[in-house]
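The lines below spell out each chain.
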Amino acid sequence: MLPGVLPEIGCLFLFPLPYCGSLHFSIKFLDGCFFTCKNTSIKYVGAFQKMILPKKLSYSSLLQIESFPQAEANLLRFGPFNSTTQKRWRKPIISAQTRLEDRTRDLKLDKHMGQFKRLQTALDIYSLITKRRGPFVSVQLMSRWKKIIGLNVNTGVFIRKYPRIFYMFTHPIKRNKCCTITKEMKNLVAEEVDAIRECELENVRHLKKIIMMSKTGVIHIHALRLIRCEMGLPEDFRDSILGKYMKEFKLVDLETVSLFERDESLGIAKIEKWREKEYTEKWLSEFETKYAFPINFPTGFKVERGFREKLKNWQRLPYVKPYERTDFMRMRTNGGIERFEKHAVGILHEFLNLTVEKRIEVERLSHFRKDFGIEVNIRELLLKHPGIFYISTKGKSPTVFLREAYCKGCLIEPNPIYVVRRKMLDLLLLGCQNTRESQDQSEICKEGTENLVHNEACVVGTKDGGWVLPILESYDEINSGIGDCDLSEEELNRYYKN
């Protein structure tokens, strides 16, 4: 049908075109009219109506072919003029971003990170409330903290979800909604402070081990300040720890700290205990366990061909251990790059073991690259070893976990600081379940209005029917006074009638 119609209209140039069933094109003619073809349908715009053509066609005359935007790449890629052109396939790019997107997810650690993200938001609100002069803050003022905290919902909506942490009440004078911290949460925060104070000697030991792992024997205080919560350090650790133990730590300048003398008794990594246990209990050879790491892949991890042999050779590969001197390391020798990367893996493994919850944000970990002498991309290095580390993106920023330290989303060897933080998380996860007034309204009123109301009675919004209580109390006093007297039934009846 089409070859008989097109010459009558008049075409400038004719040439044959191979048939393509999914071809999108348009045919232009001298009179300005054109055909549009999508798969096997041709619409003639102008003097002719719509014509449906069969699937198999032999196009013998066309003027000009113009592809639609969505099919432009598929139209002229292999045409009559470039059918012999060789097409080169690009090798897929493997980078840290592609590894992060294609990694096998650990749902339990992701869930754990999502829960602690909400707890961190609640603690941020707690710190903002405690920085205020009064013990409570109006909800209207808290709505301005949305961008500071990083919430995607209104602050009032967030605090209403967790009544065991935040208590909302009506101000007795201004009659606006106010928020304060519950007594349970205050007790847990005080318990965490006490736990950090009790672990002071352990924190000193951890700081000494971090400085010993550094390449130059110096650590920046700014980097330590960023990981204060992860390390379980107090807010004033510069004065309470670095200033208190002047015989151990030496301030090189205002922002760097070093040791007076290396303590070689602390130069044993925690993984050495695991290697000794594998050697003695499982009867493995020293060649297999001397430089090995515990491997624990997430559920659903796909093992490719040749991966087991590569992993076995990597486990046997010797490397410079974290607390050994690394004044000179050959990277261009046979296996030098692999040894250097394994040395970096050993440093990161030991560093995560020194944290409280065996996890840390990748961005904060990168502040120790120069101090530890890690010249490779840290995120790419962590993603290359999914059996040792796991990066979760459920928090505010990507966080790396030490896989061997967790089982079913919980820490295997908890410490006192982690136990207190877990109690906070349990209090948060209770939400609105079985929540009643856990505090006396009188205590909240005394704390909330002490700075505002002077020598006035504290009046908190009473419940419906609260006005009946004084009448009933007076009624009980009358009955108690009558019960003490010896009156006959007739006198009692006459008393109640009057």
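Rules behind the numbers
Going along each chain's sequence as written, the residues are numbered from 1 onward. Note on the predicted model: pLDDT of at least 70 is required for a residue's local features to be given, and 80 or more for side-chain atom pairs to be given and counted; whole-chain, interface and lining totals, by contrast, use all residues. For side-chain calculations, the full set of non-hydrogen atoms in the structure is used, while hydrogens and water are omitted. Here, a salt bridge means any side-chain nitrogen of Lys or Arg that lies within 4 Å of a carboxyl oxygen of Asp or Glu. Elements are defined by DSSP. Helices are runs of H or I of four residues or more, strands are runs of E of two residues or more, and each kind is numbered from the N terminus. When a residue's accessible area, from a 1.4 Å probe over protein chains only, is under 20% of the maximum for its type it is buried; when over 50% it is exposed; and in between it is partly exposed. Any two strands are treated as partners once DSSP identifies two or more bridges connecting them. Note on method: axes are straight lines fitted to C-alpha atoms, helices fitted across the in-contact stretch only, with angles between N-to-C directions ranging 0 to 180 degrees. Here, two residues are considered to be in contact whenever any of their heavy atoms come within 4.5 Å of each other. Here the nonpolar core consists of buried residues drawn from Ala, Val, Leu, Ile, Met, Phe, Trp, Tyr and Cys, with membership extended through side-chain atoms lying within 4.5 Å. His is not counted, nor are the chain ends; Lys and Arg add positive charge and Asp and Glu add negative charge. Polar contacts, as counted here, are pairs of nitrogen or oxygen atoms within 3.5 Å of one another; within protein the pair requires one atom able to donate a hydrogen and one able to accept it, and residues that are adjacent in sequence qualify only if both atoms are side-chain atoms. When two rings of Phe, Tyr or Trp (its six-membered ring) have centres within 6.5 Å they constitute a pair, described as stacked for plane angles under 30 degrees, edge-to-face for angles over 60, and tilted for the intermediate range. Definition used: whenever NZ (Lys) or CZ (Arg) falls within 6 Å of the ring centre and also within 35 degrees of the ring normal, the charge is taken to sit over that ring. Scored from 0 to 100, pLDDT reflects the predictor's confidence in each residue. Note on disulfides: each one is a pair of cysteine sulfur atoms within 2.5 Å.

K.L.:
Go over the pattern of salt bridges, please, and point to the residues and values.
P.N.:
Within this structure, the stated rule accounts for 22 salt bridges. Across the salt bridge formed by lysine 396 and aspartate 124, the nearest N and O atoms sit 3.1 Å from each other. With lysine 396 in the loop between β13 (389-392) and β14 (399-402) and aspartate 124 in helix α4 (residues 107-130), this residue pair connects regions lying 272 residues apart in the sequence. Judged by relative accessible area, lysine 396 falls into the partly exposed class, the value being 48%.

K.L.:
Just give me the short version of the sheet that holds strand β8 (residues 177-181), but keep the residues and values in it.
P.N.:
One open sheet holds the three strands; their spatial order is β6-β8-β7, and the pairing between them is antiparallel. Across the chains shown, the open sheet's two edge strands, defined by having one partner strand only, are β6 (137-138) and β7 (166-170). Across two bridges, the pairing between β6 and β8 is antiparallel. Residue pairing in the sheet places valine 137 in a bridge with cysteine 179 of β8.

K.L.:
Break down the environment of phenylalanine 351 for me, with residues and values.
P.N.:
In this fold, phenylalanine 351 is placed in helix α16 (residues 336-353). In this structure phenylalanine 351 comes out as buried when scored by relative accessible area, which is 0%. Along the chain, phenylalanine 351 and lysine 209 lie 142 residues apart, while their C-alpha atoms are 8.9 Å from each other.

K.L.:
Tell me about the sheet that holds β13, residues and numbers included.
P.N.:
Pairing in this open sheet of three strands is antiparallel, and the strands run β12-β14-β13 from one edge to the other. At either margin of the open sheet sits one strand with a lone partner, and together these are β12 (359-361) and β13. Adjacent strand axes in the sheet meet at a mean angle of 25° when their direction is disregarded. Bridge count for β12 against β14 is three bridges, and the pairing is antiparallel. In the strand pairing of β14, arginine 359 is matched with phenylalanine 401. Across the sheet, α4 lies against β12, β13 and β14, angled at about 50° from β13, the strand it touches most.

K.L.:
Tell me about the environment of lysine 290, residues and numbers included.
P.N.:
Along the chain, lysine 290 turns up in the loop between α14 (286-289) and α15 (307-316). Judged by its relative accessible area of 37%, lysine 290 is partly exposed. For the pair lysine 290 and tyrosine 279, spaced eleven residues apart in sequence, the C-alpha separation works out to 8.7 Å. In contact with lysine 290, not counting residues within four places along its chain, are Arg275 and Lys321.

K.L.:
Quick rundown of unusual backbone geometry? Include the residues and the values.
P.N.:
Both trends apply: most residues other than glycine have a negative phi, and most peptide bonds are in trans. Even without being a glycine, arginine 175 presents a positive backbone phi close to 60°. In this structure, arginine 175 sits in the loop between β7 and β8. Arginine 175 gets classed as exposed once you look at its relative accessible area, which sits at 52%.

K.L.:
Explain the nonpolar core to me, and be specific about the residues and the numbers.
P.N.:
If you look at the biggest cluster of nonpolar residues, it comprises 95 residues, and the most contacted ones within it are Ile129, Phe166, Phe249, Phe351, Phe372, Phe389 and Val400. In terms of residue count, α4 provides more of this core than any other element does, eight residues in total.

K.L.:
Talk me through the side chain of aspartate 110; I want residue IDs and the actual numbers.
P.N.:
Tracing the chain through its elements places aspartate 110 in helix α4. With no salt bridge to any partner, buried aspartate 110 finds its closest opposite charge in arginine 103, at an N-O distance of 4.8 Å. A distance of 3.0 Å separates polar atoms of two side chains, one belonging to aspartate 110 and the other to tyrosine 390. Engagement of the side chain of aspartate 110 in a polar contact is seen with the side chain of serine 392, the distance being 2.8 Å. When near neighbours in sequence (up to four residues on either side) are disregarded, aspartate 110 contacts Arg105, Tyr390, Ser392 and Lys394.

K.L.:
Describe the packing of aromatic side chains, listing the residues and the values that go with them.
P.N.:
Scanning all chains against the criterion turns up 13 aromatic pairs. Between the aromatic rings of phenylalanine 136 and phenylalanine 169, the centroid separation amounts to 5.7 Å while the plane-to-plane angle is 75°, which identifies the pairing as edge-to-face. In this pair, phenylalanine 136 sits in the loop between α4 and β6 while phenylalanine 169 sits in strand β7, placing the two residues 33 residues apart along the sequence. Given a relative accessible area of 9%, phenylalanine 169 falls into the buried group. Connected via pairs of aromatic rings, a cluster forms that spans Tyr291, Phe293, Trp314 and Tyr319. Lying over the aromatic face of phenylalanine 293, arginine 275 brings its terminal NZ or CZ to 5.3 Å of the ring centre.

K.L.:
Please provide a residue-by-residue account of the confidence of the model for the chain, values included.
P.N.:
The predicted model of the chain has a mean per-residue pLDDT of 74, with 67% of residues at 70 or higher. Counting interchain partners and residues more than four positions distant, the pLDDT-below-50 stretch residues 1-36 has 98 contacts.

K.L.:
Talk me through the state of the cysteines; I want residue IDs and the actual numbers.
P.N.:
Scanning the model with the defined rule gives zero disulfides in all. Left unpaired, cysteine 410 is separated from the closest cysteine sulfur, that of cysteine 407, by 8.3 Å. Taking relative accessible area as the criterion, cysteine 410 reaches 30% and is therefore assigned partly exposed.

K.L.:
Just give me the short version of the pairing of β14, but keep the residues and values in it.
P.N.:
The side-chain alternation of β14 yields two buried faces, one formed by Thr399 and Phe401 and the other by Val400 and Leu402. Across four bridges, the pairing between β13 and β14 is antiparallel. Its bridge partner lying in β14, isoleucine 391 is registered against valine 400. The loop that links β13 with its antiparallel partner β14 comprises six residues.

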